[in-house]
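One-letter residues, chain by chain:
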Amino acid sequence: MSSENTVVLHKGLDNVYVAESSICYIDGENSKLFYRGYSVEDLAQRSTFEEVAFLLIYGWLPKREEFEGFVRTLRESYTPPQEVLAWLKTLPSQAHPMDVLRTAISMLSLYDRQGVDGGLEANRLRGLRVIGVTPTIIASFARIRRGVNPVEPKMDLPIASNFLYMLRGTEPDAFDASVMDKAMILHAEHEMNASTFSCIVTASTLSDMYSAITAGVATLKGPLHGGANEAALKYIQSVGSPEKAAEAVDRTLAAKQRIMGFGHRVYKNYDPRYMILKPLAKQLGERKGTLNLYLTAEAVERAAVERLSQHKLFPNVDFYSGLVFNALGIETDLFTPVFAMSRNAGWVAHVLEYLADNRLVRPKAYYTGKLNSPYVEMDRRGDKVEG
Ligand code: SDX
């Protein structure tokens, strides 16, 4: 705590607590991650994305009838407003899917018949609607830009399977469906990360759930955050083979560039999500004939750990998630939208939790500029432009 005349600047809000929360706990030193007290290992092994979304939003594991009602609400939202689908068909094919998603989520508010006002229950319902419809928006644009018609969601499929079905046109086999569901669980929530904080800031002004999630998508896009999965896969592909990994990593670090998918503000050890995704990436590589890409990734990881672990830089969720998504037939520029369609659950949970005990987010900036500068009419300002 600073005394009256000393200023403590927290650039990037490192280690600054902005709220109390019971949604997620990260033990960054010991590679532990808990959603509402349940380990992410248990949830990835035994739960489903829909059940985890319920757990994050409501705070407890649902009884069967609660779960069935929740799933019904999600599935009623699988189909976007026709106006949004029609709009998707007007877009340039080179539009980045995260820009498309950010705009589409914002558009949803225009077609919400209940409007965007209302209390906690109205906001919760809107949040569930976004969780239900986001996969369809992403898959629909992915097909439209390829010149093929979108595939309508199947009302009897869970979100993870439905996404792969709508993307590929055929239902996934049990293994692919299970891996997709686990990947969505692992991306669903992560305490007060940058995109979640963006949602909170927006919600704290009593704006609406669509605006908050639009802010989350806009923030997640950045390569320092959710955009790292796309960058990590491109990097691994550029290395080409395991034999070239060490030389490539040395070249990258010598150029003062970053190994994408490595390092974390909170984890100063291995990311527990990486530990679950890595074996899944290997199994998929064996099943899909892309094992060389996996072995190259493993070699890059080994070389990077050798060079970076002394600085407490280890692989994070984004290092192998791209290989998993790639093996599931998801195009590279859809990786971050897939991250977003999973993180919708965490964003909705944090917005609702914060609104229940709201306080407008309004930090300060430490002023280092001039004061009381004399105003000079434009024609008398001389050559030097005041900086
Ligand atoms: C996610 O917050 C969350 O929880 C996010 C997330 C979630 O689920 O929501 O976990 C998802 O965003 C994971 C992170 C994905 N991003 C990347 O993989 C991009 C590459 N990683 C970095 O840019 C970096 O590690 C961050 C952004 C993730 C964290 O950076 P910090 O805490 O701000 O640390 P920093 O940038 O101050 O780096 C400290 C030092 C620097 O060296 P110096 O300038 O002091 O000499 O470590 C170096 C950095 O150059 N460094 C790296 C590095 N990451 C940091 N050097 C090489 N490769 C890297 N990846």
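Because the structure is a prediction, the values reported are computed rather than measured.

**Description of the sheet that holds strand E1 (residues 24-27)**
Moving on, step 1. Taken in spatial order, the 3 strands of this open sheet run E1-E2-E3, and their pairing is antiparallel. Every interior strand has two partners, whereas the edge strands, E1 and strand E3 (38-39), have only one.

**Considering the packing of aromatic side chains**
Moving on, step 1. This model, assessed by the stated rule, comprises 13 aromatic pairs.
Moving on, step 2. Measuring from ring centre to ring centre gives 5.9 Å for Phe54 and Trp60, while their planes differ by 75°; the resulting arrangement is edge-to-face.
Moving on, step 3. Counting every residue linked through ring pairs, the aromatic cluster contains Phe262, Tyr270, Tyr274, Tyr294, Phe314, Phe319 and Tyr320.
Moving on, step 4. Residue placement shows Arg381 over the ring face of Tyr375; its charged tip is 5.2 Å from the ring centre.

**Some remarks on the layout of surface pockets**
Any empty space left between atoms is shown by rolling a water-sized probe over those atoms.
Moving on, step 1. Empty space within the largest pocket amounts to approximately 1800 Å³.
Moving on, step 2. Lining the largest pocket are 49 residues, and of these Met192, Asn193, His264, Arg265 and Val266 lie nearest its centre.
Moving on, step 3. Looking at the lining of the largest pocket, the elements with two or more residues in it are E1, helix H9 (194-204), helix H15 (317-327) and helix H16 (335-355).
Moving on, step 4. Tallied by class, residues from the lining of the largest pocket come to 23 nonpolar, 15 polar and 11 charged.
Moving on, step 5. When residues of the lining of the largest pocket are assigned to domains, at least three fall in each of domain 1 (17-222 + 337-355) and domain 2 (228-327).

**So, the site of the ligand**
Moving on, step 1. The local shell around the ligand holds 21 residues, among which His190, Arg258, His264, Arg265 and Arg273 are the closest.
Moving on, step 2. Contact distances for the ligand include 3.0 Å between an oxygen atom and a side-chain N or O atom of His225.
Moving on, step 3. At 2.8 Å from an oxygen atom of the ligand is found a main-chain nitrogen or oxygen belonging to Gly261.
Moving on, step 4. Protein contact buries 69% of the 1100 Å² of open area that the ligand shows by itself.
Moving on, step 5. Given that more than half its atoms are within 2 Å of the pocket grid, the ligand belongs to the largest pocket.
Moving on, step 6. Both of domain 1 (17-222 + 337-355) and domain 2 (228-327) provide at least three residues apiece to the shell around the ligand.

**A closer look at the domain arrangement of the chain**
Moving on, step 1. The domains assigned to the chain are domain 1 (17-222 + 337-355) and domain 2 (228-327).
Moving on, step 2. When domain 1 packs against domain 2, close to 2000 Å² is buried across both sides, 65% of that on carbon and sulfur atoms.
Moving on, step 3. The largest per-residue losses of area from domain 1 upon contact with domain 2 belong to Ser31, Phe175 and Leu186, which jointly make up 28% of the total buried on that side.
Moving on, step 4. If you look at where domain 1 meets domain 2, you find 3 salt bridges.

What counts as what
- Residues numbered from 1 in each chain as written.
- Predicted model: local features only at pLDDT ≥ 70, side-chain atom pairs only at ≥ 80, totals over all residues.
- Heavy atoms only, no water.
- Pairing = 2+ DSSP bridges.
- Helix = DSSP H or I, 4+ residues; strand = E, 2+ residues; numbered from the N terminus.
- Phe/Tyr/Trp six-rings, centres within 6.5 Å; stacked < 30°, edge-to-face > 60°.
- Lys NZ or Arg CZ within 6 Å of the ring centre and 35° of its normal.
- 1 Å grid on protein atoms, 1.4 Å probe; cavity = no way out; pocket = protein on both sides within 12 Å on 5 of 7 lines; lining within 4 Å.
- Points joined across faces, edges and corners; volume = space filled by probe spheres on them.
- Nonpolar A, V, L, I, M, F, W, Y, C, P; charged D, E, K, R; others polar.
- Domains from an automatic or database assignment.
- Near = heavy atom within 4 Å.
- Polar contact = N/O pair within 3.5 Å; in protein donor to acceptor, adjacent residues only side chain to side chain.
- Areas by Shrake-Rupley, 256 points an atom, 1.4 Å probe, with all protein chains shown as cover.
- Sits in = over half its atoms within 2 Å of the grid points.
- Buried area = accessible area lost by both parts, 1.4 Å probe.
- Salt bridge = Lys/Arg side-chain N within 4 Å of Asp/Glu carboxyl O.

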